[in-house]
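Here is what each chain is made of, one letter per residue.
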Amino acid sequence: MSTPNSRHGRRPRFSTPFSDARKSLARTVGRRFEWLGAKGRFAIGFITLTLLTTLLLSQSHTQAPVEVYQEGDVVRADVIAPADISVEDARETERRRASAMSSTLPVWIYDPARAESAAQNFRAAWLALRERNAEARTVAAQHFDPAALEQLTRMLRETGGDYVYEERDAAQLKPEIRLIDARSGTRSDISTTQNRFLSLSAAREGLRGRVSQLQGWTEAERETLLSVMLPSLAATVSYDATTSATAREAAAKAVAPAFVSLKRNQIVAREGDTVTAQMLSQFAAIRSYGHTERRPHRFIGLLLIVTALYFAAWRFTEYRSTITTLPLSKGRAFTLLATTLLIQLVLLRIGFVVAGSISDQSTYPPMNDPIVWGFAIPFASGALLLTLLVDTQLALIAGVLTALFAGLLAPNGMLASCYAMVSSSAAIYGIGRYRERQSVTLAGMIIGGVNIVLALAVLLAAQQPFTLNAALLATACAVTGGLLTTIFTAGKLPVYESLFGILTDVKLLELSNADLPVLGQLALRAPGTNQHSHGVGQLAEEACRAIGANALLARIGALYHDIGKLAAPDMFVENQTGTNPHDRLRPTQSARIITSHVTYGLKLAKEAGLPKQISDFIPQHHGTRTLHFFLRKAQAEAPEGSTVDEAEFRYPGPKPQFKEAAIMMLADSCEAAARSLARPDPENIRTIVSRIFDAIVSDGQLDECDLSLRELTKIRESIITSLTAIYHARIDYPGFNPPSLDPAQTPLPAAELDTEERGLHYRRPSEVPISKGGEVEDEALTSKARD
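Definitions and limits used
Residues numbered from 1 in each chain as written. Predicted model: local features only at pLDDT ≥ 70, side-chain atom pairs only at ≥ 80, totals over all residues. Heavy atoms only, no water. Helix = DSSP H or I, 4+ residues; strand = E, 2+ residues; numbered from the N terminus. Contact = heavy atoms within 4.5 Å. Salt bridge = Lys/Arg side-chain N within 4 Å of Asp/Glu carboxyl O. Buried < 20%, exposed > 50% of the residue type's maximum accessible area, 1.4 Å probe, protein only. Patch = residues over 30% accessible without salt bridge, like charges linked within 9 Å, V, L, I, M, F, W, Y side chains within 5 Å. Areas by Shrake-Rupley, 256 points an atom, 1.4 Å probe, with all protein chains shown as cover. Pairing = 2+ DSSP bridges. Expected span 1.5 Å × (residues − 1). Phe/Tyr/Trp six-rings, centres within 6.5 Å; stacked < 30°, edge-to-face > 60°. Axes fitted to C-alpha atoms, helices over the stretch in contact; angles between N-to-C directions. Parallel < 35°, antiparallel > 145°, perpendicular 65-115°, else oblique. Left-handed = near helix turned anticlockwise from the far one by under 90°. Nonpolar A, V, L, I, M, F, W, Y, C, P; charged D, E, K, R; others polar.

Visitor: I'm lost on the overall build of the protein chain in this one. Help?
Guide: Helix and strand content of the protein chain: 31 helices and 12 strands. Long-range contacts, defined here as pairs at least 24 residues apart, represent 79% of the contacts in the protein chain between residues at least 6 apart.

Visitor: Would you explain the environment of Thr441 in this entry?
Guide: Within the element layout of this structure, Thr441 appears in helix H17 (residues 438-461). Remark: the alpha-carbon pair of Thr441 and Gly482, spanning 41 residues in sequence, is separated by 9.1 Å.

Visitor: What's the story with the pattern of salt bridges in this structure? I'm lost.
Guide: Side chains bearing opposite charge may pair, as long as their charged atoms lie close to each other. The full count for this structure, using the stated rule, is 19 salt bridges. We note a salt bridge from Arg625 to Glu775, for which the minimum N-O separation is 3.4 Å. In this pair, Arg625 sits in the loop between helix H25 (617-620) and helix H26 (628-637) while Glu775 sits in the loop between helix H30 (755-758) and helix H31 (783-786), placing the two residues 150 residues apart along the sequence. According to the relative accessible area criterion, Glu775 is buried, its value standing at 5%. Between Arg716 and Glu717 there is a salt bridge whose closest N-O contact spans 3.6 Å. Owing to a relative accessible area of 27%, Glu717 belongs among the partly exposed residues under this scheme. Taken together, the shared-partner salt bridges connect Glu541, Glu542, Arg545 and Arg555 into one network.

Visitor: What am I meant to see in a nonpolar patch on the surface here?
Guide: A cluster of nonpolar side chains, Val346, Ile350, Val354 and Ile358, forms an exposed patch at the surface whose accessible area comes to about 290 Å². A residue is classified by how much of its surface remains accessible, and Val346, at 34% relative accessible area, is partly exposed.

Visitor: Explain the pairing of strand E4 (residues 85-88) to me, please; I cannot follow it from the model alone.
Guide: For a regular strand, side-chain orientation follows a simple rule: the groups alternate between the two sheet faces. Of the two faces of E4, the one lined by Ile85 and Val87 is fully buried and the one lined by Ser86 and Glu88 carries no buried residue. In the sheet, E4 pairs with strand E11 (residues 259-262) via 4 bridges, with the strands oriented antiparallel. Of the residues in E11, the one forming a bridge with Ile85 is Leu262.

Visitor: Help me out: how do you make sense of helix H16 (residues 413-429) in this one?
Guide: Since the α-helix advances by 3.6 residues per turn, residues separated by three or four positions end up pointing in the same direction. With 17 residues, H16 extends 24 Å from end C-alpha to end C-alpha; this agrees with the ideal 24 Å at 1.5 Å per step. Within the span of H16, buried status applies to Gly413, Ala416, Ser417, Tyr419, Ala420, Ser423, Ser424, Ala426, Ala427 and Ile428. Looking at the buried positions of H16, the neighbouring elements they touch are helix H14 (381-389), helix H15 (392-409), H17 and helix H18 (468-500).

Visitor: Please explain the packing of aromatic side chains as it appears in this structure.
Guide: Here a ring pair, both rings aromatic, is described through the centre-centre distance and the interplanar angle of the planes. Overall, the coordinates contain 16 aromatic pairs when judged by the stated rule. Taking 5.8 Å as the distance between ring centres and 65 degrees as the angle between the ring planes, the aromatic pair formed by Trp108 and Tyr239 counts as edge-to-face. Taken together, the residues span a long stretch of sequence, with Trp108 in strand E5 (residues 107-110) and Tyr239 in strand E10 (residues 237-239) at a distance of 131 residues. Each of the two residues, Trp108 as well as Tyr239, counts as buried.

Visitor: What exactly am I supposed to notice about unusual backbone geometry here?
Guide: The bulk of non-glycine residues show a negative phi, and the bulk of peptide bonds are trans. A cis geometry characterises the amide bond from Gly653 onward to Pro654, with omega recorded as 10 degrees. Looking at the secondary structure, you find Pro654 in the loop between H26 and helix H27 (659-676).

Visitor: Would you mind showing me how to read the packing of H17 against H18 here?
Guide: For any two helices packed against each other, the geometry is given by the interaxial angle and the distance between the axes. Where H17 contacts H18, the axes come no closer than 8 Å and their chain directions differ by 150 degrees. If you check the angle between H17 and H18, you find them roughly antiparallel. Read as a crossing pair, H17 and H18 show a hand that is right-handed. The class makeup of the residues in the contact of H17 with H18 is 13 nonpolar, 10 polar and no charged.

Visitor: What is the right way to read the packing of H14 against H15 from this model?
Guide: Where H14 meets H15, the axes come as close as 8 Å, and the angle between the chain directions of the two elements is 170 degrees. When the interaxial angle is binned, H14 and H15 end up roughly antiparallel. Contacts from Ala383, Leu386 and Thr387 in H14 reach Thr392, Leu394, Ala395, Ala398 and Gly399 in H15. Residue classes in the contact of H14 with H15 are distributed as 5 nonpolar, 3 polar and no charged.

As structure tokens, then:
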């Protein structure tokens, strides 16, 4: 066993740095909200819960199809308008605007002065030929005839007088354009097919052809003329990109938005119809209606519904806490229920989004069916968690609310609710107690099997195509749902156990580990108390089984019920080997030491982080009984006329509040009494047990727990049976029991145990010092009185 760290060098430390930090954080957070009071904190938590739940639910689908259809697809289910809808058709509006922009005439600039400018440039070039010697000789034969110059100038004007444009603007030349005169600013729409529009290269080729037909000019003279004339020819029209873009934008803005108008309950599409462009616009209008115009109305309505559902769950939690013993207070139980539902709703929301996304990426059935992918959602995770931690009835409430939430989120509302409800029911009633970690895995397997049947049933009820591929995919998704339920539940279990201090059977079994620091120190420093605790645990466990109480809780509680004796082990009779330390103390001192093992035990339990259900055994197994024999001793030693305060000899209590604690009180006293008997035969055991039961009942120690007389009788008989089995008579083994060498020695009775094994013993039940509260007070007797 590992040795725990020492605190101040005096005793072991039973807490961990993590637990200390967690407690410190809890105290810090708790102090910040103390001023609100319990009701204020509950109100704030309730409002926050309903708002978060409503926000998650308000994003659910509308009656528009979840599938993303394309034009020409087949509609899988009827689509009905949920209300009167008049929504802008963004698709049609965009189409109209695009049409308006495409039909807007491109703007061109016409500059007729460019043709005249080309002619004037040519004249200047013609005159410049005189200065060029070589070329002047070439055209000298013409003597620069003015008639020839006029002919060439006219030819240039005629060629440039058409609408000549640059090749780079050819893409913008439409059958009809808007022409703006650069000189007058006049706008006119002209047809490019009815007017002569030439590219600059075509115009130059035409000019070249006309020059080549000149008479009386040599080839060299023509080339000389072309070298001067062709550069002078320029485009007379050009595309105005800026003005054209402005005109298109103005045309788009001038287009009025298109609207889709639907009436309430109007059938937009029937199952089997072919999807048209108009249907796509109507589908989009219904989606837009659900996400914009009706969002405030939907949010308010859902908020009221969610508030009513959670209030009903709270009232049921209150009722459940009154008719049964929950491991949590009603407030903490409802907090656990609410947080579980909120996390479950987040899982549902994510699950449906993922299912829809996967189906949107697929085009072939059944891969494009979101209903099939939805079978993989862990609907039963919350219900299974509550079943394992708290109560099956609260888990059933969680299952019902989960089913309702699934119906609001799923595309196939009612069928999804049925699927979620049956899956949760399988989780709730398909497993037993949570005694081992694989219980969660077993529950997941059961849920997966039930999910398979339900998934196939949903496919049939939804009239989906029931093919082999659809059945196989549905089966795989259903099994995945069971697997995810196991994963999420197993992940949340230890977190919820720690946050809410819930004591599950698995946690109880972990607390029975003898290597834990508290139990290790008990075995090392107080071996008699440790042995006594195990014996009491055995008696209490069997007694709990007899009446249907929590046997494991009683057995583990017995291991810790006397840990307070670690403060002074030698002060308790089971750990004493010779002298009695109380012989040297005043009765008040002895009583203070003995009763303080309760308060010290609670302190150790808090330090070690023991669950409240375990630490409750420490004070309740003694109740409010008095140390009767110490009290009488103090009264006998008190001076005449003085009084002794009885409160100094009374345990702080409280009395047992639950069955297991009451059984612990009975078993604790009976085990100590039976251990004190020199001859624990069945008759003596029955006598001493009955005496203790009568004393405890007469002292009123069982008044605050719900044990009935019938259950008390069963507990008494169980303890008698267990003690009789423990202290049964030894039998002789022939050949292994040699005869005594002293023939005069009287043999011991067959049922008597050795004093070395038994410690203190009394020969008759009437001699056992049992107080009127039913406790064995060996410590009050002097060593002589016990010999």
